[in-house]
Amino acid sequence: MPAEGGSQNSPSGGRRDYSQDSLRPVTIKQIRDAVSDSGDEFKIDGSKTSQITIVGQIRNIATQTTNITYKLDDGTGSIEVKQWNDADAMETSPLKARLIEGAYCRAWGKLKDLGNRRHVNAQIVRPVDDMNEVSYHMLEATAVHLYITRGPISGTGLGAGGAAVNGAGQQGAAGAYGATDLVGYSAVAKRVYNHLKEAPQTNEGLHQQEIAAKLGIDTAEVAKAGDALLEGGLIYTTVDDQTWAILEAD
Amino acid sequence: MDHPQTPRILAPHLQSFQHKLIRMLGKVVQLRGETAVIDAGGNVDVILNRDCHLALNHAVEIIGKVDASLHVKVQAATDFGTNIDFSAANAVVEATHRHKEIFYD
C-alpha cells in the first residue's frame, strides 16, 4: 500500500508522491517493457515504479573497479544489474562468493536508463537458498500485476488508481475486505454465493449445473459468476473445476 | 547480448513447443548415462550434455530445445534440490501461460 497520511509534509509544502517508493516484484520482461517518460521515471502497468525486486539466474559477471555487473536471466528476458562498490565496506560479504554464473539470486534496486541501456542499480544482490523462492517470486509478480491491472481481490473494480502494492509479500488487501463482502460482484455472483452458503451440501460443495438449475440461471452465467468468485477467493473448486464450495475465512 | 526467452512448460505442452527453447522443472526419475527421464507433469526424456550432473530424485531445472520426437536436448541444467513444492512450480507454469503479458512475447 502507498504510504498515507501522517505528517510527511515535504519542506516545499507539496505533497510527495510515495507510490514510487513502493518495492515491486517484477519479471525482467516487465522491466524491459516499462515505459519511461523522462529520465528515471518508469511506469509498469501504468503504475509509477522505481524500486523493484527480481529473481534470476546469473549469466555473466563483470567486475569493474567501481562496480560489479551481473547479467540476470529469469526466462522472460535478461537485464544488467549493477552493484556499486561501497568504499566504506571493509570486508566483502561472504554471500558474494556464492554469486557465480548459473546460480540463482535475488536483487533489490532501482530502475535506471543510461543512454538507451536499461539496467538495475542494486542495493542488495544475494543468492537464493530455497529454490522455491523462484516460483514464489514469479507468482508474487503475477499477483501484483493483477492487483494493479484489475484491482484488489474482492473486486472493487478496475483502476486501483495505479496504487502501488507493497512487494514485501504480505497479503495487503485481504484484511480490509471482509470475507463475505460482495461489493463489486454481479447480481448473479451474489446469488450463486448465497446459494452455496445456504443450500445443504456435502463438503464437496455444489456443481455449477446444479446451482444453475436451482436458481434458474443459464449455466454460462453461473460459470462466469463462479469465475469471479473463484478469482476473488470467496469460493474454491473441489472435485473438479465446476464444483465449488464456500471458502470459509475462519 | 540478450538471452533468448525460455518459456516455462510441462510435459503436456511439449507438442506446442517443438523446436523451441524452453525451461522445464521436473524431478529426475531415471538416469541412463547420456539420457534421463524427468517427471514434469508427465515423464519427459531428456538428452544430456557433458556439463550437466543430474541427481536421482532431485528436482532439476532444464533449459533445452524440444526436438521432433518431443525429447528435450539439454543446454543447461540447474539442480533445485529435494525440497521443491511442485504444485507451486506448476502453478507458475500456468500463471505464465494465463498472464503471458508479463512473461513472454
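Anything mentioned here points back to the structure above.
It should be emphasised that the depicted structure is a prediction, and the values quoted were computed from it without experimental measurement. (Residues numbered from 1 in each chain as written. Chains lettered and ligands numbered in written order. Predicted model: local features only at pLDDT ≥ 70, side-chain atom pairs only at ≥ 80, totals over all residues. Heavy atoms only, no water.)

1. What to know about unusual backbone geometry
Residue and element names in this part refer to chain B. Phi at H19 is positive, roughly 65°, even though this residue is not glycine. Structurally, the position occupied by H19 is in the segment before β1 (21-32). Taking the relative accessible area as the measure of exposure, H19 reaches 53% and is therefore exposed. (Helix = DSSP H or I, 4+ residues; strand = E, 2+ residues; numbered from the N terminus. Buried < 20%, exposed > 50% of the residue type's maximum accessible area, 1.4 Å probe, protein only.)

2. Some thoughts on the interface of chain A and chain B
How big an interface is tends to be stated in terms of the accessible area lost upon association of its parts. At the interface, 28 residues of chain A touch 26 residues of chain B. For the pair chain A and chain B, the two sides together bury roughly 2,200 Å², of which 55% comes from carbon and sulfur. Linking chain A with chain B are two salt bridges, by the criterion used here. Note that B:D105 and A:K29 form a salt bridge whose closest N and O atoms lie 3.8 Å from each other. Our enumeration of links across chain A and chain B arrives at 14 residue pairs in polar contact (both at pLDDT 80 or more). When residues of the side of chain A that touches chain B are traced back to their parent elements, those giving at least two are α1 (28-33), β5 (51-63), β6 (67-73) and α2 (132-150) of chain A. Of the residues contributing to the side of chain A that touches chain B, the split by class is seven nonpolar, 12 polar and nine charged. (Contact = heavy atoms within 4.5 Å. Buried area = accessible area lost by both parts, 1.4 Å probe. Salt bridge = Lys/Arg side-chain N within 4 Å of Asp/Glu carboxyl O. Polar contact = N/O pair within 3.5 Å; in protein donor to acceptor, adjacent residues only side chain to side chain. Nonpolar A, V, L, I, M, F, W, Y, C, P; charged D, E, K, R; others polar.)

3. Things to note about the nonpolar core
Residues B:M24, B:I38, B:V44, B:V46 and B:V72 are the most contacted members of the largest nonpolar core, which totals 22 residues. Counting residues per element, the ones that place at least two in this core are β1, β2 (35-39), β3 (43-47), β4 (59-66) and β5 (72-81) of chain B. When residues no more than four places from it in sequence are discounted, the contact partners of B:M24 are B:I9, B:L10, B:A11, B:L14, B:I38, B:A40, B:V44, B:V60, B:E61 and B:I62. In this structure, A:V26, A:A34, A:I58 and A:C105 belong to the second largest nonpolar core, which totals 21 residues. (Core = buried A, V, L, I, M, F, W, Y, C linked by side-chain atoms within 4.5 Å.)

4. Focus: the sheet that holds strand β10 (residues 206-207) of chain A
Residue and element names in this part refer to chain A. As summarised here, the arrangement of the three strands in space is β10-β12-β11, forming an open sheet in which the pairing is antiparallel. The open sheet is flanked by β10 and β11 (235-237), the only strands paired with a single partner. Inspection of the sheet shows β11 paired to strand β12 (residues 243-246) by three bridges, in the antiparallel sense. Bridging from a neighbouring strand, T237 pairs with W244 of β12. (Pairing = 2+ DSSP bridges.)

Keep in mind these numbers describe shape, not what the thing actually does.
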